[in-house]
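Observations on the model geometry
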Amino acid sequence: MTVDRILPTDEAHDLLDLATELADRELAPRAAGFESRAEFPREVLRTLGRAGLLGLPYAEEHGGAAQPYEVYLQVLEVLASRWLAVAEAVSVHTLSCYPLAQFGTDAQRKLLPDMIGGELLGAYCLSEPQGGSDAAALTTRAVRDGEAYVVTGTKAWITHARVADFYNIFCRTGGPGPKGISCLLADRDTPGIVPQAAERTMGLHASPVAQVAFDDARVPADRLIGGEGAGFTIAMSALDSGRLGIAACAVGLAQAALDYAVGYARERRQFGRTIVDFQGLGFTLADHATQISAARALMLAAARLRDAGRPYSIEAAKAKLFATDVAMRVTIDAVQVLGGAGYVADHPVERYLREAKVLQIVEGTNQIQRLVISRALARG
């Protein structure tokens, strides 16, 4: 289905056209093969970076495109509709560039052009094996030793853990609670950074996820981002943006599932007519088309608040919650529309269903999003 979009500039239209062209040429034909081999498409990320699609929301002086977040999210949606693992990689990488871009010093930001250009791929190390959603309770510790911090601990569920070129490490440099957390930016070849074996995940097989152990890893003190104690603020600020990225991924995936289901329903015949003409099925597809449009509108409304410099945390939580729940419903029903054919790997909807689930978990589970929203309601 062609989505009727209103973009703010002609340049934004051109960027979306470029993203669509690259997605059709570089992503869609490769997705099934890479997913079946559980192979990370590193060169595809370089291609997107060299095309300028990894730095869309960042400043031009750092190699970015200085685009509004609403444009970036629509590009991300297009990528996700062709191959979710790549879109999620773009979202995670954009999130990984955020601490340095937003809170780094001028000297530190000299690293940004290679990061934004895709030559250096990032990972965001916040979650821990025992920490779950309670990021303020993290236990990975960094102790100052001369001109370096010595980092010990373990991070969990780290996207790009085995392929990243740099790691944002959220670690404890002070006492308990959020005020004791800092952010360090470490190179992949730092001695003592040890990515573990990749997790065997339900979906997104082309996206490497693993624990990362820090065994007395020495990170130069000049790689401290934002000063000691600023880490929790950095992490939460980045996650607001990251939740919108996941919402965009969810909208793109849901759209892909709906489009495939509609195409199948228009061809498949039962009892003398195409199955899309049966109201029981046609009404379900109509509901999903409406829900996807609503999710897209919610996502873009939050992005426009962000672009205007207004508070958007609650709207980002709503967008992430609603869009990922929609993606789960749409992919489940897309499998049902195809019946037995939907349960086999000959059709992509079984992969879409497996992929949709993780979107309800990453960047804060949907239960956490409900907690964020309900607390805001309680505060009035």
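For every chain, the first residue of its written sequence is number 1, and the numbers climb from 1 along that sequence. With pLDDT at 70 or above as the cut-off, local features in this predicted model cover only qualifying residues; side-chain atom pairs require 80 or more to be listed or tallied, and sums for whole chains, interfaces and linings still use all residues. Water and hydrogen atoms play no part in the side-chain values, which are based on all heavy atoms of the structure.

**Side note on the packing of aromatic side chains**
For this analysis, a ring pair means two rings from Phe, Tyr or Trp (six-membered ring only for Trp) whose centres lie within 6.5 Å, classed as stacked if their planes differ by under 30 degrees, edge-to-face if by over 60, and tilted for the remaining angles. On inspection of all chains with the given rule, the structure shows four aromatic pairs. Ring centres of Phe34 and Trp83 lie 5.5 Å apart, and the angle between their planes is 55°; on these two criteria the pair is classed as tilted. Of the two residues, Phe34 sits in helix α2 (residues 31–37) while Trp83 sits in the loop between α4 (69–82) and α5 (84–103), which places them 49 residues apart along the sequence. Taking the relative accessible area as the measure of exposure, Trp83 reaches 0% and is therefore buried. As a reminder, the over-ring test applies to NZ of lysine and CZ of arginine, requiring each to be within 6 Å of the ring centre and within 35 degrees of the ring normal. The ring of Phe278 is capped by Arg273, whose NZ or CZ atom sits 4.0 Å from the centre of that ring. In this structure, Arg306 packs its charged tip against the face of Tyr69, placed 3.9 Å from the ring centre. Helix numbering and strand numbering both begin at the N terminus, where a helix is a DSSP run of H or I of at least 4 residues and a strand a DSSP run of E of at least 2. We call a residue buried when its accessible area falls under 20% of the maximum for its residue type, exposed when it is over 50%, and partly exposed in between, using a 1.4 Å probe and counting protein chains only.

**A few points about the environment of Ala257**
Within the fold, Ala257 resides in helix α7 (residues 231–267). Sequence separation between Ala257 and Leu54 is 203 residues, and the spatial gap between their C-alpha atoms is 25 Å. Only heavy atoms matter for contacts: two residues are in contact if any of them lie within 4.5 Å across the pair. Apart from residues no more than four positions distant in its own chain, Ala257 is found in contact with Val330, Thr331, Ala334 and Tyr352.

**A look at the pattern of salt bridges**
Every case where a carboxyl oxygen of Asp or Glu lies within 4 Å of a side-chain nitrogen of Lys or Arg is listed as a salt bridge. Throughout the structure, instances matching the rule amount to 21 salt bridges. For Asp165, the salt bridge is made with Arg42, and the minimal N-O distance between the two is 3.5 Å. You can see Asp165 sitting in the loop between β3 (148–159) and β4 (166–172) and its partner Arg42 sitting in helix α3 (residues 42–50), a full 123 residues away along the chain. The same class applies to Asp165 as to Arg42, namely buried. For the salt bridge of Arg370 with Asp325, the shortest nitrogen-to-oxygen distance reads 2.9 Å. Residue Arg370 is located in helix α11 (residues 366–379), and its partner Asp325 is located in helix α9 (residues 313–338); the two are separated by 45 residues in the primary sequence.

**Observations concerning the pairing of β4**
Most of β4 is tucked away, with seven of its seven residues classed as buried. With four bridges connecting them, strand β1 (residues 122–125) and β4 associate as parallel partners. Along β4, the bridge assignment pairs Tyr124 with Asn168. Any two strands between which DSSP finds at least two bridges are classified as paired. Both β4 and strand β5 (residues 181–187) contribute to a ladder of seven bridges, which runs antiparallel. If you follow Arg172 over to β5, its bridge partner there is Ile181.

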